[in-house]
Each structure stands twice: as structure tokens, then as C-alpha cells.
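Fold and contact review
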Amino acid sequence: LMQTPLIFDDLRAFVALAQSDSISKAAVKLRIAQPALSRRLMRLERCIGTPLIERHAHGITLTQAGHAFFESADRAVSMVAVLERNLQSFAQGH
């Protein structure tokens, strides 16, 4: 059971991190500082109750839980991106 609320930006950060294999690359992609990205990831891991990545000297790797969680998280982030585009288009009258 989730101990802390799920924050969507944390999901987005996890997906970017999983796709880039590097905290620094993911932070650049998200246009946030590395410590902010690390905080988002830690908050998500607290929410889920398990580690999602392992940090190494040369980047990160997903844990078994991270691999299992990635597909659903990626799908959710993609769906929200489509929703945001549709809402933007609707707001512009297209």
C-alpha cells in the first residue's frame, strides 16, 4: 500500500531516468537540477515502497521492481502527454 501520495512529476522523472540510464542526462532532459531529480525518485520509491534503481559510478540500472514498474509508468506518462496535447489543441480552438 502506498504510504505517500503518488505525484505525477515523479513518474515522469522515473521514466526519463529509465530511458537515459544517467541521472545527469535525465535531469537535462527534464530541465531540472540533479538533486531535484534524485528527490523525485526517492519520493516515488517511498510511495511504492521499494527501490526502482541502483546507482553506480557510471550511471544507473533498474532494479527488478524498476523494470516491472517501467512499462506501466511509461504508458501513463505517454497517455498524459497525449491528453496535454489534446487539451492544448482544444484550448486553442483546433
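Notes on the structure in this doc start here. No experiment lies behind these values; they were computed from the predicted model shown. (Residues numbered from 1 in each chain as written. Predicted model: local features only at pLDDT ≥ 70, side-chain atom pairs only at ≥ 80, totals over all residues. Heavy atoms only, no water.)

Overview of helix H1 (residues 8-20)
For H1, spanning 13 residues, the distance from its first C-alpha to its last is 19 Å, which sits close to the expected 18 Å at 1.5 Å a residue. Among the residues making up H1, those that are buried are Asp10, Leu11, Ala13, Phe14, Val15, Ala16, Leu17, Ala18 and Ser20. Its buried side turned inward, H1 meets helix H2 (23-30), helix H3 (34-48), strand E1 (53-56), strand E2 (59-62) and helix H4 (64-91). Of the residues trailing H1, Asp21 is marked for its positive phi of about 60 degrees. (Helix = DSSP H or I, 4+ residues; strand = E, 2+ residues; numbered from the N terminus. Expected span 1.5 Å × (residues − 1). Buried < 20%, exposed > 50% of the residue type's maximum accessible area, 1.4 Å probe, protein only. Contact = heavy atoms within 4.5 Å.)

Focus: the nonpolar core
Phe14, Leu17, Leu37 and Ile53 are the most contacted members of the largest nonpolar core, which totals 19 residues. Mapped by element, the contributors of at least two residues to this core are H1, H2, H3, E2 and H4. Ranked by the residues each element gives to this core, the list is headed by H1, at 7 residues. (Core = buried A, V, L, I, M, F, W, Y, C linked by side-chain atoms within 4.5 Å.)

A short note on unusual backbone geometry
A positive phi is found at Asp21, a non-glycine position, where the angle reads about 60 degrees. By the secondary structure assignment, Asp21 is in the loop between H1 and H2. The exposure class assigned to Asp21 is partly exposed, which follows from its relative accessible area of 45%. Located in the positive-phi region is Arg31, a residue other than glycine, with phi close to 60 degrees. Mapped onto the secondary structure, Arg31 falls in the loop between H2 and H3.

Keep in mind these values describe shape, not function.
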